[in-house]
Every structure is written in structure tokens, then in C-alpha cells.
Amino acid sequence: DAVQHKLRRLSHLAFTMVEKFRQAEIGAETAQQVLADYLQQRERVSDAEKAWLWAQNFLVNSHARSGLLVETNPDTYAFVHLNFMEYLAATALANRSTQLVSTVLEHLDDSWWEQVILLAGAHDKTPDDVREILIGEILDLGNAQPYGAQTWQRALTMAGWLARDMGGHLAG
């Protein structure tokens, strides 16, 4: 259970870095605030000061023990590789299955989100019915565009890549 808590915290941090900050690096104080907010909202740590301290300890331990977070500069963290951040952000997105389709559609044309979208679509936590809805919505979006337009091409390409990566999770 402790590993799952750590994974959820790191996933939330990665998702926030992708969605809110659009950066592969994050200041230590900002990361600490993101995690403290998460601890209060999702893990029900009622005391703000305690959440702040727990977030600080989590960052220090994640850096020192797991090796997933590295200090790129004093007081600046990044995931050891961009793919770790993208996978963890995709994990957070897959765990928010009610928001997955709308989030993907919102960011479909954004290259910053491409790997997060593909990883979330193929993620084992993404329910099969959400996968099918996602592919259908992307195809509908593409078909609503003028034939050959860049948005048409992007939508059909992403739908194809997602379907390939989803493999046997799609019906038919």
C-alpha cells in the first residue's frame, strides 16, 4: 500500500508538471506545494503544516532513495527521464477515467501531450469502455474537420496510434 501511495503522489506531481506548468522541471517549493495540496485533498491530511512537512519529506526521500527525481539545479527537481514523467502523468490520467476523454480531446493537437495521451490510452488502468469512447470521439473530431486539414490528419493519426497501442482491449 505504501508503494501505491508513492506512485499516486509521483503521478499527481508529473500530471501537474505536464498540465499546469508544461515543464519537465519544477521548483522544489512549487513541487512541495503541489504535493501538500494533494495530501490535504486526496489523502485527507487535515493539518496544512503537517501536509507541508510530509510533502517536503516525500520529495527528499524520492530524490535520495528512488532515483526517479533528480535535482537539476539547487531547489529544482525533474524526473530522471522525460519518459518517466510522461508515464506517471499518463497513470494519473488513466486513474481519472471520467476526465480522460475530455482531457485527451483538449490536448490532442499538442505535441507536449502526445506520449502522455498514447500511454494513457494503452495503460492497464484505463477501462475498456473508456478506450472505445476515446477512439470514437477522436474519429468524430477528425471527421468533423475538412478532408486533409492538419487537424483531420492529427486526429486520424492519433486514433490509429491509440488503437494500435490498445491492442486487444478494443472490441471487434
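In what follows, the structure referred to is the one given above.
Criteria and thresholds
Residues numbered from 1 in each chain as written. Predicted model: local features only at pLDDT ≥ 70, side-chain atom pairs only at ≥ 80, totals over all residues. Heavy atoms only, no water. Buried < 20%, exposed > 50% of the residue type's maximum accessible area, 1.4 Å probe, protein only. Salt bridge = Lys/Arg side-chain N within 4 Å of Asp/Glu carboxyl O. Helix = DSSP H or I, 4+ residues; strand = E, 2+ residues; numbered from the N terminus. Pairing = 2+ DSSP bridges.

Engineer: Is there a simple way to explain unusual backbone geometry in this structure?
Structural biologist: Glycine aside, negative phi is the norm for most residues, and most peptide bonds take the trans geometry. For arginine 44, which is not a glycine, the phi torsion comes out positive at approximately 60 degrees. Among the residues examined, arginine 44 registers a relative accessible area of 70% and is labelled exposed. A positive phi is found at aspartate 75, a non-glycine position, where the angle reads about 65 degrees.

Engineer: Help me out: how do you make sense of the pattern of salt bridges in this one?
Structural biologist: Opposite charge on two side chains lets them pair, provided their charged atoms get close. For the structure on display, the rule yields 5 salt bridges. Salt-bridge contacts for arginine 9 lead to glutamate 43; the nearest nitrogen and oxygen are separated by 2.6 Å. You can see arginine 9 sitting in helix α1 (residues 2–21) and its partner glutamate 43 sitting in the loop between α2 (28–42) and α3 (48–66), a full 34 residues away along the chain. Aspartate 110 is paired through a salt bridge with arginine 22; the nearest N and O atoms lie 2.4 Å apart. With aspartate 110 in the loop between α5 (97–107) and α6 (114–122) and arginine 22 in the loop between α1 and β1 (25–27), the pair connects residues that are 88 residues apart, well separated along the chain. A relative accessible area of 18% means that aspartate 110 is categorised as buried.

Engineer: Which parts of the structure should I look at to understand the pairing of strand β2 (residues 69–73)?
Structural biologist: Residues in a regular strand point their side chains to alternate faces of the sheet. Judged from the 4 bridges that link them, β2 and strand β3 (residues 76–79) form a sheet pairing that is antiparallel. Across the sheet, residue leucine 69 finds its bridge partner in β3, namely phenylalanine 79. Between β2 and β3, which pair antiparallel and follow one another directly, the connecting turn spans 2 residues, one of which, aspartate 75, has a positive phi of 65 degrees.

Geometry only, nothing functional implied.
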